[in-house]
Amino acid sequence: MRQMSKYYLNYLDQLESEAIHIMREVAGQFERPALLFSGGKDSITLVRLAEKAFRPGKFPFPLVHIDTGHNFPEALAYRDNLVKELDEKLIVRYVGDTIQRQKLTEPKGKFASRNALQTYTLLETIEEFKFDACIGGARRDEEKARAKERIFSVRDEFGQWDPKRQRPELWNTYNGKIHKGENVRAFPISNWTELDVWNYIKKENISLPSIYFAHERECVVTADNQLVAVSDFIQIDKADTVVKKQVRYRTVGDMTCTAAVESSASNIDDVIKEIIVSKISERGETRIDDQVSEAAMEDRKKGGYF
């Protein structure tokens, strides 16, 4: 058995192989797929996997960014530079435009986030381009609602997800058959963990937005002792405590709903060491929008959220 071990793929190679297989299944089974891209580490990993799956040809899908207007500038700059380097098509649609067009009520409050409103813009974009499959970087270890979801997750004609109507996925066989108006959300790195993603980023020497590494930033301390970056998108009152801390981000969402963590990890090896000892998932520790209620993520997903 030891003599045969050199012929076996290590676990990162296995995860990569599975993800490439899923991407090729999406390209083969659907007419108008898209890859949802946010400038976060998971969608950046998806882009590298797409390169492995389809180069030297062009991607068989565009990159699509649903821009809330409350993004980290570093993530937007990274997005634009990457797309220029890849020479691939990028489609950007803005939540602010959807708010005006559909006359939506924008959330109020100190850390008012447009994150939930992304659903409306995403569904508009799917309808506009007739996308029948959207590839995303969701992982089962992130949050309990995402742990329920299949790799090919079918959404009805209204974009809604029913966790009780999940298709079986046996022997890496993915059923992409859908009725007119339905679409599939496909998750190639569903079986990866946060640590897997970072180990893969290290292995592939993938560059990331600077906010993933330790830097100094002014933050507001929330009632739950979370650190939210000072920005034009939050309300700062006289009673608020504003501190300057050395922080980094484990996940990237709206500036209004993503908290930083204190950290001195300035390189990938140090980040990996932090993740190994962490007992809380990145969303559990830093995503304020997931803490609105016990079922916050599942409720958003049922309505069409990614």
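Note: the structure precedes this text.
Residues numbered from 1 in each chain as written. Predicted model: local features only at pLDDT ≥ 70, side-chain atom pairs only at ≥ 80, totals over all residues. Heavy atoms only, no water.

With that out of the way, let us pick up the pairing of strand β9 (residues 242–248). As defined by bridge partners, strand β7 (residues 215–221) adjoins β9 across six bridges and the pair is classed as antiparallel. Residue pairing in the sheet places Glu216 in a bridge with Gln246 of β9. Bridge count for β9 against strand β10 (residues 261–262) is two bridges, and the pairing is antiparallel. Bridging from a neighbouring strand, Arg248 pairs with Val261 of β10. (Pairing = 2+ DSSP bridges. Helix = DSSP H or I, 4+ residues; strand = E, 2+ residues; numbered from the N terminus.)

With that out of the way, let us pick up the nonpolar core. Grouped together as the largest cluster of nonpolar side chains are 57 residues, with contacts concentrated most on Leu49, Phe152 and Trp198. The set of elements that each furnish at least two residues to this core consists of α1 (11–29), α2 (41–54), α3 (73–86), β4 (133–135), β6 (183–186), α7 (194–204), β8 (227–229) and α8 (268–277). Both domains that meet at this core, namely domain 1 (8–195 + 295–302) and domain 2 (209–289), each give it at least three residues. Once residues lying within four places of it in the same chain are set aside, the contact partners of Leu49 are Glu16, Ala19, Ile20, Met23, Ile189, Trp192 and Tyr200. (Core = buried A, V, L, I, M, F, W, Y, C linked by side-chain atoms within 4.5 Å. Buried < 20%, exposed > 50% of the residue type's maximum accessible area, 1.4 Å probe, protein only. Domains from an automatic or database assignment. Contact = heavy atoms within 4.5 Å.)

Turning to the sheet that holds β10, a few remarks are in order. An order of β8-β7-β9-β10 is seen for the four strands of this open sheet, with the pairing classed as antiparallel. The sheet is open, and its two borders are formed by β8 and β10, each paired with just one other strand.

Here α8 has its buried residues at Ile268, Val271, Ile272 and Ile275. Along the long axis of α8, the arc covered by the buried residues comes to 100 degrees, so they all point the same way. Exposed residues lying more than 90 degrees from the buried face of α8 are Lys273, Ile276 and Val277. Backbone nitrogen of Asp269 and a side-chain oxygen of the N-cap are separated by 3.2 Å at the start of α8; the cap is Asn267. (Arc of directions from axis to C-beta. Polar contact = N/O pair within 3.5 Å; in protein donor to acceptor, adjacent residues only side chain to side chain.)

Our next topic: the pairing of strand β3 (residues 90–94). Judged from the five bridges that link them, strand β2 (residues 63–67) and β3 form a sheet pairing that is parallel. Residue pairing for β3: Ile66 is matched across the bridge by Arg93. In this region the chain leaves β2, passes through α3 and returns to the parallel neighbour β3; the handedness of that crossover is right-handed. (Right-handed = clockwise from strand over helix to strand, strands pointing away.)

Here we take up the packing of aromatic side chains. Applying the stated criterion to the full structure yields nine aromatic pairs. Geometrically, the ring pair formed by Phe152 and Tyr174 is tilted, given 5.3 Å between the ring centres and 35 degrees between the ring planes. Of the two residues, Phe152 is situated in strand β5 (residues 152–155) and Tyr174 in the loop between β5 and β6; the sequence distance between them amounts to 22 residues. Taken individually, Phe152 and Tyr174 each receive the classification buried, so the pair is uniform in this respect. (Phe/Tyr/Trp six-rings, centres within 6.5 Å; stacked < 30°, edge-to-face > 60°.)

Sheet strands line up and pair through hydrogen bonds in the backbone, either parallel or antiparallel. The six strands lie next to each other as β3-β2-β1-β4-β6-β5, forming an open sheet whose pairing is mixed. For this open sheet the edge positions go to β3 and β5, each flanked by a neighbour on one side alone. Put simply, the sheet's adjacent strands are angled 30 degrees from each other on average, direction ignored. Strands in contact with α1 are β1 (33–36), β4, β5 and β6; relative to β5, the strand with the most contacts, it is inclined by about 40 degrees. (Axes fitted to C-alpha atoms, helices over the stretch in contact; angles between N-to-C directions.)

Looking now at the pattern of salt bridges. This model, assessed by the stated rule, comprises 22 salt bridges. In this structure, the salt-bridge partner of Arg79 is Asp80, at a minimum N-O distance of 2.9 Å. Look at Arg79 and you get buried, because its relative accessible area is 7%. One salt bridge in this structure joins Glu124 and Arg101, with 2.7 Å as the shortest N-O distance. Of this pair, Glu124 sits in helix α5 (residues 118–129) while Arg101 sits in helix α4 (residues 95–102); the two residues are 23 residues apart in sequence, bridging distant segments of the chain. By relative accessible area, which is 22% here, Glu124 ends up partly exposed. Assessed through its relative accessible area of 53%, Arg101 is described here as exposed. (Salt bridge = Lys/Arg side-chain N within 4 Å of Asp/Glu carboxyl O.)

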